[in-house]
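Summary of the model geometry
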Amino acid sequence: MAALGWLTPRRRSATARSVLAGEASAEAARKTAQALDADAGPPAASAEAAGRAAAEAAEAARREAEAEEAEPAEPEFPVAGDDLAAAFFDLDNTVMQGAAIFHFGRGLYKREFFHRRELARFAWQQAWFRLAGVEDPDHMQDARDSALSIVKGHKVSELMAIGEEIYDEYMAERIWPGTRALAQAHLDAGQKVWLVTAAPVETATIIARRLGLTGALGTVAESVDGIYTGRLVGEPLHGPAKAEAVRALAAAEGLDLERCAAYSDSHNDIPMLSLVGHPYAINPDTKLRKHARAHDWRLRDYRTGRKAVKVGVPAAAGVGAIAGGAAAAIALHRRRK
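Each value, and the rule that gives it
- Residues numbered from 1 in each chain as written.
- Predicted model: local features only at pLDDT ≥ 70, side-chain atom pairs only at ≥ 80, totals over all residues.
- Heavy atoms only, no water.
- Core = buried A, V, L, I, M, F, W, Y, C linked by side-chain atoms within 4.5 Å.
- Buried < 20%, exposed > 50% of the residue type's maximum accessible area, 1.4 Å probe, protein only.
- Helix = DSSP H or I, 4+ residues; strand = E, 2+ residues; numbered from the N terminus.
- Contact = heavy atoms within 4.5 Å.
- Pairing = 2+ DSSP bridges.
- Axes fitted to C-alpha atoms, helices over the stretch in contact; angles between N-to-C directions.
- Arc of directions from axis to C-beta.
- Phe/Tyr/Trp six-rings, centres within 6.5 Å; stacked < 30°, edge-to-face > 60°.
- Parallel < 35°, antiparallel > 145°, perpendicular 65-115°, else oblique.
- Nonpolar A, V, L, I, M, F, W, Y, C, P; charged D, E, K, R; others polar.
- Right-handed = clockwise from strand over helix to strand, strands pointing away.

Overview of the nonpolar core
Core analysis: the biggest nonpolar cluster contains 42 residues, and F89, L91, L108, M171, L195, I207 and Y263 have the highest contact counts within it. Looking at this core, the element that brings in the most residues is helix 6 (residues 156–171), giving 7 residues. With residues up to four places along the chain from it excluded, the contact list for F89 reads V95, T179, L182, A183, H186, V193, W194, L195, V196 and Y263. In terms of nonpolar packing, the next biggest core, distinct from the first, is built from 30 residues, V196, L249, C260 and W297 among them.

Laid out in structure tokens, this is it:
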């Protein structure tokens, strides 16, 4: 699949390769968003879930209003009808628990794309990622090299079809309800919402479509006549390259970045978060949490169900935090048995 991997984090500004990666991702995102616009809408299950979330959000808003009457009102955000604003969401550990690339690897193994030894490596990387909650350079580089070699010579259409199946098998149940509610708030305000991830642009687009989002910025892999060559266009969409992709897409869409929002869990995404006027740290790693507090960025943590910092975001996000925390607690209880 396109760009199935990540790049070792760079402690520097964007290079020509990261600019190329960002521009290629922005171009691909705009093209695939047109296809998403043609869809009838999110699947019935997603629509039903959205309805439940709306009802729960209303109840949560009522409870919070009663509990906080004495507190000053937060400014409305996102601002309804602001078509110069959009929202950009990191994927791994921000929208979804764990890493999309590793879930995709499991699905490919099930379909005999590679052998048990490679599966063991994928499993170890995913376990480490889930426990540590940060992106390890060695693991990321290994995943990138392995994945590109696996998909080389395969048809883009083949991997897209498989990606749909893998989403249902391994990813759908790992979406953080709290972050999903934040994205929905932007959609309800009439704004576009984009995933921004080092995962393959095809995988990211599938996830965006299933969640009812506008589209996705992801790593772009080279293909010739619909066949993957095993090479990337530029470099994986990671760190500075993500910022370049957001910058390029904003220019193409006529967005005002000062009015846009960005969400991420990783300090590697500080370049992207710094581009916008409304940066959010979601389930932040230690470095991002420290940076966010130092710069007065908004924080949300859905891993435990607590509000890391009280901020003016939609009540639906609070509902999602509770749901996400409950899921985490259940999982921890099961592991302890």
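Structural notes on the sheet that holds strand 8 (residues 298–300)
The parallel open sheet is built from 6 strands, whose spatial order is 3-2-1-6-7-8. Both edges of this open sheet fall to strand 3 (215–219) and strand 8, since each of them pairs with a single strand only. Across the sheet, the axes of successive neighbouring strands diverge by a mean angle of 20°, strand direction being ignored. In this structure, strand 7 (residues 278–282) lies alongside strand 8, joined through 3 bridges in parallel fashion. Opposite A281, over in strand 8, you have L299 as the bridge partner. Against the sheet, helix 7 (residues 177–188) engages strand 1 (86–90), strand 2 (192–200), strand 6 (261–264) and strand 7, with an angle of about 160° to strand 1.

Looking at helix 3 (residues 100–110)
Here helix 3 lies mainly inside the structure; 8 of its 11 residues are buried. Within the sequence span of helix 3, burial applies to A100, I101, F102, H103, F104, G105, G107 and L108. In the segment just after helix 3, E112 is the residue with positive phi, at about 65°.

Let's talk about helix 11 (residues 286–294)
Where helix 11 is concerned, the buried positions are L288, R289 and A292. Viewed end-on, helix 11 has its buried residues packed into an arc of 100°, placing them on one side of the element. Along helix 11, exposed side chains directed more than 90 degrees from the buried face belong to T286, K290 and A294. The inward-facing, buried residues of helix 11 contact strand 6, helix 10 (270–273), strand 7 and strand 8.

Here's the deal with unusual backbone geometry
Notably, N93 is not glycine yet its phi reads approximately 65°, a positive angle. Along the polypeptide, N93 turns up in the loop between strand 1 and helix 3. Judged by its relative accessible area of 12%, N93 is buried. In the Ramachandran plot, D296 falls in the positive-phi region, its phi being about 60° despite a non-glycine side chain. By secondary structure assignment, the location of D296 is in the loop between helix 11 and strand 8.

Looking at the pairing of strand 5 (residues 227–232)
Note: strand 4 (residues 221–224) against strand 5, 3 bridges, orientation antiparallel. Bridged to V224 within strand 5 is I227. Remark: 2 residues form the turn of the hairpin made by strand 4 and strand 5, two consecutive strands paired antiparallel; D225 in that turn has positive phi of roughly 55°.

Some thoughts on the packing of aromatic side chains
Per the stated rule, a full pass over the model turns up 3 aromatic pairs. Here the aromatic rings of Y263 and Y280 are separated by 4.5 Å at their centres, their planes lie at 20°, and the arrangement is stacked. Note that Y263 is positioned in strand 6 and Y280 in strand 7, a separation of 17 residues in sequence. Y280 matches Y263 in its accessibility class, with the two residues each being buried.

Here we look at the packing of helix 3 against helix 6
The geometry of a pair of packed helices is captured by two quantities: the angle between their axes and the separation between those axes. Two numbers describe how helix 3 lies on helix 6: the axes approach to 9 Å, and their chain directions differ by 110°. Classed by the angle they form, the pair helix 3 and helix 6 counts as roughly perpendicular. Across the interface between the two elements, A100, H103, F104, R106, G107, L108 and K110 from helix 3 touch L159, I162, G163, I166, E169, Y170 and M171 from helix 6. Class assignment of the residues belonging to the contact of helix 3 with helix 6 gives a composition of 8 nonpolar, 3 polar and 3 charged.

Looking at the pairing of strand 3
With 5 of 5 residues buried, strand 3 lies mostly within the body of the structure. In the sheet, strand 2 pairs with strand 3 via 4 bridges, with the strands oriented parallel. Looking across to strand 3, one finds that W194 is bridged to G215. For the handedness criterion, the β-α-β arrangement of strand 2, helix 8 (residues 201–210) and strand 3 is classed as right-handed.

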